[in-house]
Amino acid sequence: MRKELKLPLLPLRGILVFPYMISHLDVGRERSMAAIEEAMLGDKKVLLASQKEMEIDSPVSEDIYSIGTVAEIKQLLKLPGGTMRVLIEGICRGKILEYLTEEPYFSVLVEEHQDIEKASTLDLEALTRGAIHQFEEYAKLSKKVPNETIGTVLAIEEPGRLADIVASHLNLKVSEKQSILDAVDIEQRLEQLTEFVMREIEILELERRIGLRVRKQMEKAQKEYYLREQMKAIQKELGEKDERQVEADGYREKVTQVKLPKEVEQKALKEIERLEKMPPSSAEGTVVRTYLDWLLVLPWSKVTRDKINLNKAEEILNADHYGLEKVKERILEFLAIRKLTPKMKSPILCFVGPPGVGKTSLAKSIARALDRKFVRMSLGGVRDEAEIRGHRRTYIGALPGRIIQGMRTAGTRNPVFLLDEIDKMTSDFRGDPASALLEVLDPEQNNTFTDHYLEVPFDLSQTFFVMTANTLDPVPRPLLDRMEVISLSGYTEDEKVKIANNFLISKQLKAHGLTEDILPLNEDILLKVVQGYTRESGVRNLEREVAAICRKVATRWVKKDWSPHQLNEEDLESLLGVPRYYFQMAKKNPEIGAVTGLAYTEVGGDVLTIEVTPLPGKGNLTLTGKLGDVMKESAQAGWTFVRAHAYELGIAEDFYEKVDLHIHVPEGAIPKDGPSAGITMATAIASALAKRFVRSDLAMTGEITLRGNVLPIGGLKEKVLAAHRAGIKVIILPEKNRKDIEEIPKPVRSVMEFQFVNRMEEVLELALLPGASSPESVPEAVIRNVISTRTIPLGEPRPGDHPISSPTV
Ligand SMILES: Nc1ncnc2c1ncn2[C@@H]1O[C@H](COP(=O)(O)OP(=O)(O)OP(=O)(O)O)[C@@H](O)[C@H]1O
Ligand SMILES: [Mg+2]
């Protein structure tokens, strides 16, 4: 049923009115009000058509959808301000055929479209039912559709009307609603509607799920908050304190109990106050709590009383260590003075020596002798300043440095604090730990040592610091300056045997559940162990070998395979295997171009042979054996000396034009350095060039200058002990080292001959055999190699002393 009519047009902004829908419209635009007035004069009908863009104020025909709703004005209300409100009811669809006038209002020619009731097909039925069903679901989810509306919608029988009414209840955009309005065909309309409803349902479902999730989280927080508030209220009613207050009060009580220095106490109270104001589970709260625990647990004022009894202390020191008289004496001195002036500052000792000589264990006995607590901190590999002084509290997981941690472990302010292996400390971009130690070890400053973490000063002045090092070379001067260095040198074979006998054996027997009756070890056999199975300055390997013997004997004893008897050499081989070391004994026969030197390494003294071979060439010097710069330079100095004295030595004066020299120091893979092999190399060069033999039972050490002066060297004791072990009888030493000879144990001193020299000439005279002129000391085979026989007394300046740079006459 189609009908054409002329109607005033009311353009709508942002809304769309469907047929059968009743709604209020507020009308404000001039043209729209004119259109309403015109309609009111006639049959009250207008065409409602939506604008495509809501923003446009004065639309033209293209801005308006061409299908709208023919509606009847039911009521008109003029509002103050000149606008009007109309109540309007949609009747049917209307299609704009033509715009007739535009002023004073739009007048359009409209073709009316009433829904034509077709005979119900199965398709239509299905679509209708689907739409009803979906609308129900939608209404249930959206909760915005009132129940009575649902009722009326369900009661609608005409499918077209149903679609329009449902669409009017959906939350759709105007353009989407328009597409339903555009669908004049009912089936098409229902299909379009179904699509929209389904989409809306999906969105609502999603919204619901998200809402549910959020609500769950909210509920939990809210519940907690609520419960907490309730608890607070209950606590208040009962006159109780809340959790935070209880905690803070607990801390406050501890502060009064532990007797903190004023400054620390104030700091602690301030932090407690801060803690009280923080939410109990905040991360910051945990940081403050850890900090307070540190403040409260440190021994700010706790000290152990020194029980000073010199005799008892001496007993303890002797019970733990053999020998080491100098160290023991120093400790007893400290105790004596401590007794006289209890307020004195503690000394800072540094034990330097090869491994296994008892540095670490000595520090432990000091603590025992003083009856103080003992803490040990290894500085090996420490490369970060923060390890000494802590991290600032702003860092996550910050803790105090190791010094403060050590004090906590000690539990007193005056422990014996061992800083082990200070020479193994390194520095990198994270700061220099050695500089941080400067403050720790300065008696003038360390009563206010400030750890970055603690932020308040801690008094370290009563702490007895002991350091150990294998060598002092890597230790920075300022640090070295603060400590009293006590050198511990290696032990002689004799001392080692004594240490084993008095200390190590009983310790190891006990550790292995044996007794002296089962495994008696006498000094002879111990000496065999020392000589054949160990090669060290200290006694660590010796202890290990003793432990190995105990272990093996214990196994045999359990297997009933051992009858208690004094261990003999045969047993030793079956327990420990064949001896591992044959001492690098002094060479039996004199040689040309090979001289025994003495070296001092981190692991003690050693003997080394320096070899020189001349080759036809052009005066080049080749040095091998991993020599350091200093050692190379002293070889050069030796060479220059020999060249300058070629005449006296009976060396062809133009030798340096015809000969290359190769100097080698075995063992080739071990790096060597230092000036103390100077005279040894010079002697070897002289021997090689002059073709004179070197005494085989002799060793030497000393630095050489270009002019042939012999300068003193260090590590004398270690070197002499090594020479003794190697069976050397005579040692040439710099005169200036004469005073150090006192350090050498008497038994060694008495069997060796020391020759002190000032000049290189003296060295050569002592070391070089007078060529082939004394064949009784030179083996036949060697003599045959001797080419030059000319000898000239050494030390005798040759006629017209020459400058070094021009060795020829
Ligand atoms: N004079 C001694 N008397 C008794 N036992 C000793 C003596 N010297 C060392 N020892 C023992 O030797 C072992 C090794 O000593 P310690 O660990 O103290 O060596 P160290 O000098 O600290 O070596 P490193 O430089 O390698 O750390 C310990 O069991 C110690 O008891
Ligand atoms: Mg040690």
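Residues numbered from 1 in each chain as written. Chains lettered and ligands numbered in written order. Predicted model: local features only at pLDDT ≥ 70, side-chain atom pairs only at ≥ 80, totals over all residues. Heavy atoms only, no water.

1. Observations concerning the overall build of the protein
Summing up its helical and strand segments, the protein has 28 helices and 24 strands in all. In terms of overall size, the protein is more extended than a compact globule, its C-alpha atoms giving a radius of gyration of 53 Å where 809 residues would be expected to give roughly 28 Å. C-alpha extents for the protein along the principal axes are approximately 155 × 80 × 65 Å. A total of 809 residues make up the protein; the buried ones form 47% of that total. For the protein, restricting intrachain contacts to residue pairs at least 6 apart in sequence, the fraction spanning at least 24 positions comes to 74%. Carbon and sulfur atoms make up 52% of the accessible area of the protein, which totals about 41,300 Å². Charged side chains of the protein number 112 positive and 123 negative; the gap between the two group centres comes to 5 Å. (Helix = DSSP H or I, 4+ residues; strand = E, 2+ residues; numbered from the N terminus. Rg over C-alpha atoms; globule rule 2.2 N^0.38 Å. Buried < 20%, exposed > 50% of the residue type's maximum accessible area, 1.4 Å probe, protein only. Contact = heavy atoms within 4.5 Å. Areas by Shrake-Rupley, 256 points an atom, 1.4 Å probe, with all protein chains shown as cover. Lys, Arg positive; Asp, Glu negative; His and termini not counted. Charge placed at Lys NZ, Arg CZ, Asp CG, Glu CD.)

2. Regarding the site of ligand 1
Inspection of the region around ligand 1 gives 20 residues, with Tyr322, Gly356, Lys359, Thr360 and Arg540 positioned closest. At 2.8 Å from an oxygen atom of ligand 1 is found a main-chain nitrogen or oxygen belonging to glycine 356. In the model, an oxygen atom of ligand 1 is placed 2.8 Å from a nitrogen or oxygen of the serine 361 main chain. Contact with the protein chains hides 89% of the accessible area of ligand 1, taken as 640 Å² for the molecule alone. When contributions to the shell around ligand 1 are tallied by element, the ones reaching two or more residues are helix H12 (359-370), helix H17 (493-511) and helix H19 (540-558). (Near = heavy atom within 4 Å. Polar contact = N/O pair within 3.5 Å; in protein donor to acceptor, adjacent residues only side chain to side chain.)

3. Some points on a nonpolar patch on the surface
A surface patch of nonpolar side chains, about 350 Å² in accessible area, is lined by Leu206, Ile210, Val214 and Met218. With respect to the secondary-structure elements, methionine 218 resides in helix H6 (residues 186-238). A relative accessible area of 47% means that methionine 218 is categorised as partly exposed. (Patch = residues over 30% accessible without salt bridge, like charges linked within 9 Å, V, L, I, M, F, W, Y side chains within 5 Å. Salt bridge = Lys/Arg side-chain N within 4 Å of Asp/Glu carboxyl O.)

4. Considerations on helix H9 (residues 283-297)
Taking 1.5 Å per residue, 15 residues should reach 21 Å; H9 reaches 22 Å between its end C-alpha atoms and fits that length. Every buried residue of H9 is listed here: Gly285, Val288, Tyr291, Leu292, Trp294, Leu295 and Leu296. The elements touched by buried residues of H9 are helix H7 (243-258), helix H8 (262-276) and helix H14 (402-410). (Expected span 1.5 Å × (residues − 1).)

5. Section: the pattern of salt bridges
Going through the model one piece at a time under the given rule, you end up with 41 salt bridges. Notably, a salt bridge pairs glutamate 176 with arginine 199, separated by 3.0 Å at the nearest N-O pair. Residue glutamate 176 is found in helix H5 (residues 174-182), and its partner arginine 199 is found in helix H6; the two are separated by 23 residues along the sequence. A salt bridge links aspartate 654 to lysine 658, with the shortest nitrogen-to-oxygen separation between them at 3.0 Å. Since its relative accessible area comes to 28%, aspartate 654 is described here as partly exposed. When salt bridges that share partners are traced, they join Lys267, Glu271, Arg274, Glu284, Arg393 and Glu455 into one network.

These values are about where atoms sit, not about what they do.
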